[in-house]
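Structural description and commentary
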Amino acid sequence: MTTVTSRSVNPEVEAIRHHYEVSNEFYRLLLGPAMMYSGGYWNDGEDLRAAHETAQERKLDTFADIAGAKGAAKVLDIGSGWGTMLDRLTTVHRVEQAVGVTLSRTQADYVAGLGNPKIKVHVESWEDHKTDEPYDAAFCINALEHFVLSSLTPRERMNRFREFFGKCHSLLKPGGRLVLHIMTVENPPLQRRIIDDLKFLQREEFAGCYIPHLHQLTATCEGLFEVAEIRNERESFSRACRVWLMNLADRRQEAVALESEEVVARFERYLDIFAYTLEDGIFNNFRVALTRRG
Ligand SMILES: C[S@@+](CC[C@H](N)C(=O)[O-])C[C@H]1O[C@@H](n2cnc3c(N)ncnc32)[C@H](O)[C@@H]1O
């Protein structure tokens, strides 16, 4: 595995690192061996904790199948986290080269530790990524929520989504698939608790993050991608949040020793907010499969 560090990162980099450069040991305790920071696909009746890893693998395999990534020469994962998707693509789906981009240096260090020669991770923002040979397929699993600042005007946000889809279009082969998971928001009920919780997410834990409406995505990919599938996998994410909260509760003292009471309390609060807002249908978690036009 190779790590490439880019000199040019976007100005939101500190906000991303505030969340994602908490130690890898802490994330391991929280996320478990799957090291996926996104939802899993549980079958009905499966125990949430016992089947967590299986559910995460099922999700990754579904993504690989939808993208037609099996045996592909070169595949991209935008916002690649701790490299679990990259590793699975090369070890299970016979992908020859799996490339990731992330802003987190600690995530890149973790992926380097996997020692997988078919993986390459770039510490850079998606807009800085370049490739000589276009990709056969691309993924972006719960990372696009970070790419558009909430402080932008509505028009600027649409331009930024358009820029993202334009970039993906330029990186893919004609007919190549881009498969996303992304949270979207419904208009939340005007209740004090929900408003306070959404403010906490926006201002403290994920400063600048923007959770879009579904139509903003479909409007801004028009002409660049054909929408092949849209499916709401809301429970996939709320269930994962519940598992992570249980992991944290079981080993809370250890988690505080690794980080601090303040960090652990922050995670408990934000995971609980995500879990209940997804359960109540205030947030969605859409899987969107797009085929590159042209
Ligand atoms: C919620 S994590 C998801 C990680 C992984 N896809 C998974 O499902 O486990 C979001 C990821 O997006 C990355 N990220 C955030 N902003 C980014 C940017 N501008 N360019 C590239 N990656 C970014 C973070 O570093 C992190 O790896």
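No experiment lies behind these values; they were computed from the predicted model shown. (Residues numbered from 1 in each chain as written. Predicted model: local features only at pLDDT ≥ 70, side-chain atom pairs only at ≥ 80, totals over all residues. Heavy atoms only, no water.)

Let's shift gears to the site of the ligand. Within the structure, the ligand sits among 21 residues, and Y37, S38, G79, T102 and Q107 are positioned closest to it. At a separation of 2.6 Å, an oxygen atom of the ligand approaches a polar side-chain atom of S38. G79 places a polar main-chain atom, nitrogen or oxygen, 2.8 Å from a nitrogen atom of the ligand. Protein burial of the ligand: of its 600 Å² of free accessible surface, 98% is covered by the chains. (Near = heavy atom within 4 Å. Polar contact = N/O pair within 3.5 Å; in protein donor to acceptor, adjacent residues only side chain to side chain. Areas by Shrake-Rupley, 256 points an atom, 1.4 Å probe, with all protein chains shown as cover.)

Attention shifts here to the layout of surface pockets. In this structure, the second largest pocket spans a volume of roughly 260 Å³. Along the wall of the second largest pocket there are 16 residues; nearest its centre are P33, A34, E57, T84 and D87. Contributions of two or more residues to the lining of the second largest pocket are made by α3 (52-67) and α4 (84-91). (1 Å grid on protein atoms, 1.4 Å probe; cavity = no way out; pocket = protein on both sides within 12 Å on 5 of 7 lines; lining within 4 Å. Points joined across faces, edges and corners; volume = space filled by probe spheres on them. Helix = DSSP H or I, 4+ residues; strand = E, 2+ residues; numbered from the N terminus.)

Tracing the backbone through its elements, the reader meets T291 in strand β8 (residues 283-292). The class for T291 is buried, based on a relative accessible area of 16%. Separated by 56 residues in sequence, T291 and E235 have C-alpha atoms that sit 25 Å apart. Other than its neighbours up to four places away in sequence, T291 contacts G175, G176, R177, L224, F225, E226 and A228. (Buried < 20%, exposed > 50% of the residue type's maximum accessible area, 1.4 Å probe, protein only. Contact = heavy atoms within 4.5 Å.)

As a further point, take the pattern of salt bridges. As enumerated under the stated definition, the model contains 20 salt bridges in all. Residue R231 is joined to E233 by a salt bridge in which the shortest nitrogen-to-oxygen separation is 2.7 Å. Within the structure, one salt-bridge network assembled from shared partners comprises R193, D197, R242, R269, D272 and E279. (Salt bridge = Lys/Arg side-chain N within 4 Å of Asp/Glu carboxyl O.)

Okay, the nonpolar core next. If you look at the biggest cluster of nonpolar residues, it comprises 42 residues, and the most contacted ones within it are Y27, L30, Y37 and F267. Sorting the residues of this core by element identifies α2 (24-31), β6 (172-185), α7 (192-205), α9 (234-250) and α11 (261-279) as the ones contributing at least two each. Every residue in contact with L30, bar those within four places of it in the chain, is listed here: Y37, W244, N247, L248, F267 and L271. Formed by 29 residues, the second largest nonpolar core is a distinct cluster that contains A138, C140, V148 and Y210. (Core = buried A, V, L, I, M, F, W, Y, C linked by side-chain atoms within 4.5 Å.)

What follows concerns empty space enclosed by the protein. Scanning the entire structure with this criterion turns up two cavities of 30 Å³ or more. Taken as a whole, the second largest cavity spans an internal volume of roughly 40 Å³. Lining the second largest cavity are F165, L180, L214, L217, T218, C221, V227, I230, V288 and L290. Counting only elements with at least two residues in the lining of the second largest cavity, the list comes to α8 (214-220), β7 (225-232) and β8. It is α8 that provides the largest number of residues to the lining of the second largest cavity, a total of three residues. When the residues that make up the lining of the second largest cavity are grouped by side-chain class, the tally is nine nonpolar, one polar and no charged. (Nonpolar A, V, L, I, M, F, W, Y, C, P; charged D, E, K, R; others polar.)

At a closest axis distance of 13 Å, the pairing of α2 and α11 adopts a crossing angle of 40 degrees. With respect to α11, the element α2 is oriented oblique. Crossing of α2 against α11: the hand is right-handed. For the pair formed by α2 and α11, the contact residues are F26, Y27 and L30 on the first element and V264, F267 and L271 on the second. Across the contact of α2 with α11, the residue classes break down as six nonpolar, no polar and no charged. (Axes fitted to C-alpha atoms, helices over the stretch in contact; angles between N-to-C directions. Parallel < 35°, antiparallel > 145°, perpendicular 65-115°, else oblique. Left-handed = near helix turned anticlockwise from the far one by under 90°.)

So, about the environment of Y210. Locating Y210 in the fold gives a position in the loop between α7 and α8. Ignoring anything within four residues of it in the chain, the contact list for Y210 reads E145, V148, L149, S150, R157, F161 and Q216.

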